[in-house]
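Inside the fold
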Amino acid sequence: MSGTKPVKNLYFIAILSNPEIAESVTAFKHEMRDRFGAKHALKVPPHFTLQMPFRALPDQESEIVARLSAFAASRKPFLLHLNGFGAFPPRVIFVKPENPEPVRALHEALKPVLRKLPGVNPEKIPHQINPHCTIATRDLTEEMFPEAWESFRTRSFAASFCAESLHLLKHNGKFWETYMEFPFSAGSDENFWA
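The paragraphs below set out a description of the structure included in this document. (Residues numbered from 1 in each chain as written. Predicted model: local features only at pLDDT ≥ 70, side-chain atom pairs only at ≥ 80, totals over all residues. Heavy atoms only, no water.)

It is worth spelling out the packing of helix 2 (residues 61-73) against helix 3 (residues 101-114) at this point. The interhelical angle for the contact between helix 2 and helix 3, taken along N-to-C directions, is 140°, at an axis separation of 11 Å. For helix 2 against helix 3, the interelement crossing comes out right-handed. On helix 3, the residues touching R67, L68 and F71 of helix 2 are L106, A109, L110 and V113. Class assignment for the residues of the contact of helix 2 with helix 3 results in 6 nonpolar, no polar and 1 charged. (Axes fitted to C-alpha atoms, helices over the stretch in contact; angles between N-to-C directions. Helix = DSSP H or I, 4+ residues; strand = E, 2+ residues; numbered from the N terminus. Left-handed = near helix turned anticlockwise from the far one by under 90°. Contact = heavy atoms within 4.5 Å. Nonpolar A, V, L, I, M, F, W, Y, C, P; charged D, E, K, R; others polar.)

Dropping the structure here:
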């Protein structure tokens, strides 16, 4: 049938936390939903975005997978320490990393790969990222934001995990699912756990 456009899948690239931290962060998201009516963040697993959503054709997926797999194989695992909460007024509240530099460095190294990925518009690749793990986003109203932020800004939350892979997430029409995992396989530094 001519004139029918093929359906493109929606993807994004991220680092996911370990299951224990994901459970804690998801509990914060449930609190945001129950207390402040902000439930949009529940549509995606707890994560640190490396590339915002992009659309690609199903037959382009194998190239995306091959490029991300090769990139991840060249990277080393790193520790990520989470400490407290931050905000991007007037809608976003997040768990913040104490040491965002490794995530920024990973994104910087990933940028040349992103420029070659099918579906990724080079103009939509951020120059630099501000790593964060969102617990409330676009549906947190400006009216509710001050109360929600007051509830979280001085709350303590500290955790650490080893980032050992990057993930390709895919939208199923209702929410985001972890689609593929790409392990970092270059080994770790000797002082990794120091």
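The sheet built from 4 strands is open, its strands ordered 2-1-7-8 with antiparallel pairing. Edge strands, defined here as strands with exactly one partner in the open sheet, are strand 2 (47-56) and strand 8 (176-183). Going from strand to strand, the sheet's axes swing by 25° on average, the running direction of each strand aside. The pairing of strand 7 (residues 165-171) with strand 8 spans 7 bridges and is classified as antiparallel. Bridge pairing in strand 8 links L166 to F182. The sheet strands contacting helix 2 are strand 1 (9-16), strand 2, strand 7 and strand 8, and the helix crosses strand 8 at an angle near 45°. (Pairing = 2+ DSSP bridges.)

Quick look at the pattern of salt bridges now. In this structure the tally under the stated criterion is 8 salt bridges. The closest approach of N and O atoms between D34 and R33, which form a salt bridge, is 2.8 Å. In this structure, a network of salt bridges that share partners links the residues E31, R35 and R155. (Salt bridge = Lys/Arg side-chain N within 4 Å of Asp/Glu carboxyl O.)

Quick look at the sheet that holds strand 6 (residues 158-163) now. Strand order in the open sheet made by the 4 strands is 5-4-3-6, with antiparallel pairing throughout. Of all strands in the sheet, those with a lone pairing partner are strand 5 (133-136) and strand 6, marking the two edges. Strand-to-strand twist in this sheet, taken as the mean axis angle between neighbours without regard to direction, amounts to 35°. Examined bridge by bridge, strand 3 (residues 78-88) and strand 4 (residues 92-97) share 5 bridges and lie antiparallel to one another. Bridge pairing links L82 to P97 in strand 4.

Our next topic: the packing of helix 1 (residues 19-36) against helix 4 (residues 145-152). To characterise two packed helices, one gives the angle between the axes of the helices and the distance between these axes. Contact geometry for helix 1 and helix 4: axes closest at 11 Å, N-to-C directions at 140°. By the criterion of interaxial angle, the relationship of helix 1 to helix 4 is oblique. Like other packed secondary-structure pairs, helix 1 and helix 4 cross with a definite hand, here right-handed. Residue-level inspection shows F28, E31, M32, R35 and F36 of helix 1 in contact with helix 4, the latter providing E147, A148, S151 and F152. (Parallel < 35°, antiparallel > 145°, perpendicular 65-115°, else oblique.)

Inspection of the secondary structure puts T137 in the loop between strand 5 and helix 4. On the basis of relative accessibility, which here comes to 17%, the residue T137 falls in the buried class. Not counting residues up to four positions away in its chain, the partners in contact with T137 are H40, A41, R91 and V92. (Buried < 20%, exposed > 50% of the residue type's maximum accessible area, 1.4 Å probe, protein only.)

It is a probe the size of a water molecule, rolled over the atoms, that shows where empty space is left. Taken as a whole, the largest pocket encloses approximately 670 Å³ of empty space. The wall of the largest pocket is formed by 23 residues, among which H47, T49, M52, P53 and T134 lie closest to the centre. If you tally residues by element for the lining of the largest pocket, the top one is strand 2, at 5 residues. When its residues are assigned to classes, the lining of the largest pocket shows 12 nonpolar, 8 polar and 3 charged. (1 Å grid on protein atoms, 1.4 Å probe; cavity = no way out; pocket = protein on both sides within 12 Å on 5 of 7 lines; lining within 4 Å. Points joined across faces, edges and corners; volume = space filled by probe spheres on them.)

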